[in-house]
There are 2 protein chains.
Amino acid sequence: MGKMKFEAGKAFAEHLDEKDELASFRNAFIISDPNLIYLDGNSLGRLPKATPAKIHKVIEEQWGHHLIKGWNADWYEAPSRIGEKIAKLAGAAPGQVLVSDSTSVNLFKLILAAMKLQPNRHRIVSDVFNFPSDLYILQGCVNLLGDSYKLDLVQSRDNITINQQDLLAAIDEDTAIVSLSHVAFKSGFIYDAEFITRHAHEKGALVLWDLCHSIGAVPVELDRWQADFAVGCTYKYLNGGPGSPAFLYVSARLQAKAISPIWGWFSQRAPFAFDLEYQPADGIRRFICSTPPILSLLAVESALDPLLEVGIQSIRRKSIKQTSYLIYLIDQILVPLGFKLGSPRDPDLRGSHVSIQHANAYQINQAMIREAMVVPDFREPDNIRLGLASLYTSYTEVWEAVERIKQIMIKELYRKYPAERAAVT
Amino acid sequence: MGKMKFEAGKAFAEHLDEKDELASFRNAFIISDPNLIYLDGNSLGRLPKATPAKIHKVIEEQWGHHLIKGWNADWYEAPSRIGEKIAKLAGAAPGQVLVSDSTSVNLFKLILAAMKLQPNRHRIVSDVFNFPSDLYILQGCVNLLGDSYKLDLVQSRDNITINQQDLLAAIDEDTAIVSLSHVAFKSGFIYDAEFITRHAHEKGALVLWDLCHSIGAVPVELDRWQADFAVGCTYKYLNGGPGSPAFLYVSARLQAKAISPIWGWFSQRAPFAFDLEYQPADGIRRFICSTPPILSLLAVESALDPLLEVGIQSIRRKSIKQTSYLIYLIDQILVPLGFKLGSPRDPDLRGSHVSIQHANAYQINQAMIREAMVVPDFREPDNIRLGLASLYTSYTEVWEAVERIKQIMIKELYRKYPAERAAVT
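Remember, predicted model here, so these are calculated numbers, not experimental data. (Residues numbered from 1 in each chain as written. Chains lettered and ligands numbered in written order. Predicted model: local features only at pLDDT ≥ 70, side-chain atom pairs only at ≥ 80, totals over all residues. Heavy atoms only, no water.)

Draft legend 1. Representation of the interface of chain A and chain B within the structure. Taken together, the contact pairs 79 residues of chain A with 79 residues of chain B. Summing the contributions of chain A and of chain B, the shared interface buries around 7000 Å²; its carbon and sulfur component is 70%. When the buried surface of chain A facing chain B is broken down by residue, Trp63, Tyr136 and Trp263 of chain A rank first, second and third, together holding 12% of it. Inspection of the region where chain A meets chain B yields 0 salt bridges. At the junction of chain A and chain B, the tally comes to 23 residue pairs in polar contact (both at pLDDT 80 or more). Per-element tally for the side of chain A that touches chain B: the top contributor is helix α6 (residues 132–145) of chain A, with 9 residues. Of the residues that constitute the side of chain A that touches chain B, the class distribution is 45 nonpolar, 23 polar and 11 charged. (Contact = heavy atoms within 4.5 Å. Buried area = accessible area lost by both parts, 1.4 Å probe. Salt bridge = Lys/Arg side-chain N within 4 Å of Asp/Glu carboxyl O. Polar contact = N/O pair within 3.5 Å; in protein donor to acceptor, adjacent residues only side chain to side chain. Helix = DSSP H or I, 4+ residues; strand = E, 2+ residues; numbered from the N terminus. Nonpolar A, V, L, I, M, F, W, Y, C, P; charged D, E, K, R; others polar.)

What follows is the structure in structure tokens.
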């Protein structure tokens, strides 16, 4: 892509939008208020235009009219069918991905499956940049497994990245599995997953990648990386809707010997034989659990179409250009106003969101939402995340967001908001 | 209710409908084809009329327009809020029920929580009439816990009921938990849950009730029974929609000392503090796991309103009358055609479905669906379940269903359907 040159005026943003080959895909989403700049697609993706009609059909036609027959017609195979669509975004050959449960439950299943494959190893290695939600699951697994098990977290040296050598140094002969987030939720730091996986394997450790902040935003190549396991959610860059079910990946290499600790009936070899003894199905299906939430599940299916049509390489190109442009504007406009960049400058080390840091970040975040119609999200202690979902975020929105933040700072609009944290954010 | 007198003619069914005080609640459901007799509300409840508008609002207004703010406004508290509605049908005081995950995952969480509360006990007691899906979860728990743990299943003497003395005799000083289905999915046999719970407690065992086939159909009094744990689904008699998320109950007595093995971030004391160390929330919330599937979850909320308006006692009265009427017709019309009753005759021992048995049941079940527009379901080896959801099933439908089965038998219409089982049913 070469060195990018940007200018600070609005006309330049409009120029970038005019040249943007992906601009038309914004039309695939409901934009109910064009004045609202939504920079939180990394928490909850926008509503795809196809979704309301799809769910209307599921409710009225499949449930309302076909009733129980909906299971045979469309629902029973949906976890695998939608899994295969996600597999295309995850660089996974067929038969290795399915949609099931939540990210947390999937992580729990796969970590315990991994520990069982590694009976003589007792350590789980992760890092302090992993989702706290993932760390909680890992802590729960260690608690369940007993006192001889241990979770070790690699620290960050610069509070933005994890030094990959530090990570590799933490993996030893007792390490059963390395469980990492591909893109760090706070700084957006992105691991070289292939590099980490290869070196972990050299030490005999398995590797699990949490793709929540990368799937649909950056290229994921699970098969090429030789990843063992992966999990991810579908409600961020995949636009599946609030709390839509998660996905999991188990490498074909491991499927015959790995087993989920939750012996759910959908993972039974013949679920409708109603045998009294559990027999796991062959293949990836043994990692599903039980009856999936169909409305939330099928909303994922149509949401994936624009992403698959565009292709992840095109999205990544635009995303790098947009985050680079945003960092240029941050340097020009927000750093003089007291902000610090909280994300890597090297685009190869960065996902699709950019964090800015400020001592008053919690208050500024509230002012952005309530005064300026810009929706980012806040992450303790001082991070405001600006998520760019390149399928629908325009360059003009990026420019306008920075302009509005500038106004908040100049007019000190954030001062009227409390610094005390609310229970729910 | 006294001894009920029935007549075999259609006019009598119409007479019962005219006198039925609950008849108008059928209007709360979408009946897209009045000729279809749907007797599978015990697998997937009908679509409530309020649901499409509710989900339309969730998608277009909450997700599409409010975007991430939907979490604060309506979604975050939904698992507890909807749990409290279900609690009213479950005889549970506030703060003990929430909606989360699937029945299987909830069962897994609560069984492992129970085993941890009973460190010196190694047996789980259940019966052969429990859902195979529950037995698989119990087997998985035993497998996870190790070789010193054991699952024991009480047998049935008559293939319709479980002798309660047999069950009590199986509970000993090594029994950590008794895990039973309140209503058996195949025969409809209903346990005296209060009696079983009391005697299990006398032996120091905890008790978990699976309410999938009873909630919304028969009175459930978890607090009065002194139940320890319960799980249940919302897509059968609660009409929450295909795969809608399940609920769980943990007695207030146990909440402070019990803990879920799956340390999900929604169960964290302060989930948005993003602390790196898990600290379980107080109360029932520590048993939720993570981000719930909002579309499927909120469909449950409005679906509960007709049930709460009618009240479970009225539903039970009608259900007993309807299943008694159905058994009368089975005796009169279907037994002479080779069927056997597969459910208890005593209404106190019976939930809201009636099973009929026949050597050709698999074929007859197919003919009912394809030739006769009657939808029951088949359960191996020879059961056809006729589920009566008294909120919307009419007496005339009961009469008409038996009449249509009679025609299938007389004309031998079932013979053209294969006896070989399909993989999915």
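Draft legend 2. Fine view of the sheet that holds strand β7 (residues 229–232) of chain A. All names here are of chain A. Ordered by their spatial adjacency, 7 strands build an open sheet running β2-β8-β7-β6-β5-β3-β4, and the pairing between neighbours is mixed. Each edge of the open sheet carries a strand with a single partner, namely β2 (97–99) and β4 (150–154). Within the sheet, the average angular offset between the axes of one strand and its neighbour, ignoring direction, is 20 degrees. Where β2 and strand β8 (residues 247–250) come together, 3 bridges link them in antiparallel fashion. (Pairing = 2+ DSSP bridges. Axes fitted to C-alpha atoms, helices over the stretch in contact; angles between N-to-C directions.)

Draft legend 3. How the structure looks around the pattern of salt bridges. Per the counting criterion, the structure on display carries 46 salt bridges over all chains. Note that Glu301 of chain A is salt-bridged to Arg81 of chain A, the shortest N-O span being 2.7 Å. On the criterion of sequence distance, the pair formed by Glu301 of chain A in helix α10 (residues 294–310) and Arg81 of chain A in helix α4 (residues 78–89) is long-range, its members being 220 residues apart. Classification of Glu301 of chain A as buried rests on a relative accessible area of 11%. A salt bridge links Asp166 of chain B to Arg157 of chain B, with the shortest nitrogen-to-oxygen separation between them at 2.6 Å. One network of salt bridges, with partners in common, ties together Lys54, Asp74, Arg81 and Glu301 of chain A. (Buried < 20%, exposed > 50% of the residue type's maximum accessible area, 1.4 Å probe, protein only.)

Draft legend 4. Looking closely at the pairing of strand β7 (residues 229–232) of chain B. Residues and elements named next belong to chain B. What you see with β7 is no split at all: Phe229 and Val231 on one side and Ala230 and Gly232 on the other are buried throughout. Examined bridge by bridge, strand β6 (residues 206–210) and β7 share 3 bridges and lie parallel to one another. By the bridge assignment for β7, Asp210 is matched with Val231. Across 4 bridges, the pairing between β7 and strand β8 (residues 247–250) is antiparallel. By the bridge assignment for β8, Ala230 is matched with Tyr249.

Draft legend 5. Quick peek at the pairing of strand β10 (residues 353–357) of chain A. Residue and element names in this part refer to chain A. When you tally the buried positions in β10, you get 5 out of 5 residues, the bulk of the element. Side chains of β10 alternate between two faces, with His353, Ser355 and Gln357 and Val354 and Ile356 buried alike. Two strands pair when backbone bridges link them, and strand β9 (residues 340–341) and β10 are joined in this way by 2 bridges, in the antiparallel orientation. Pairing of Lys340 across the sheet is with Gln357, part of β10. Where β10 and strand β13 (residues 383–387) come together, 5 bridges link them in antiparallel fashion. In the sheet register, Val354 faces β13, and the bridge partner there is Leu386.

Draft legend 6. Seen up close, the side chain of Ser187 of chain A. Residue and element names in this part refer to chain A. Residue placement: Ser187 occurs in the loop between β5 (175–181) and α8 (193–202). Here the side chain of Ser187 touches Ile160 through a polar contact of 2.6 Å, landing on its backbone oxygen. A polar side-chain atom of Ser187 sits 3.1 Å from the main-chain amide nitrogen of Phe189.

Draft legend 7. Quick peek at the side chain of Asp134 of chain A. Checked against the element boundaries, Asp134 of chain A lands in helix α6. Ignoring any residue separated from it by four or fewer positions in sequence, one finds Asp134 of chain A in contact with Leu107 and Asp210 of chain A.

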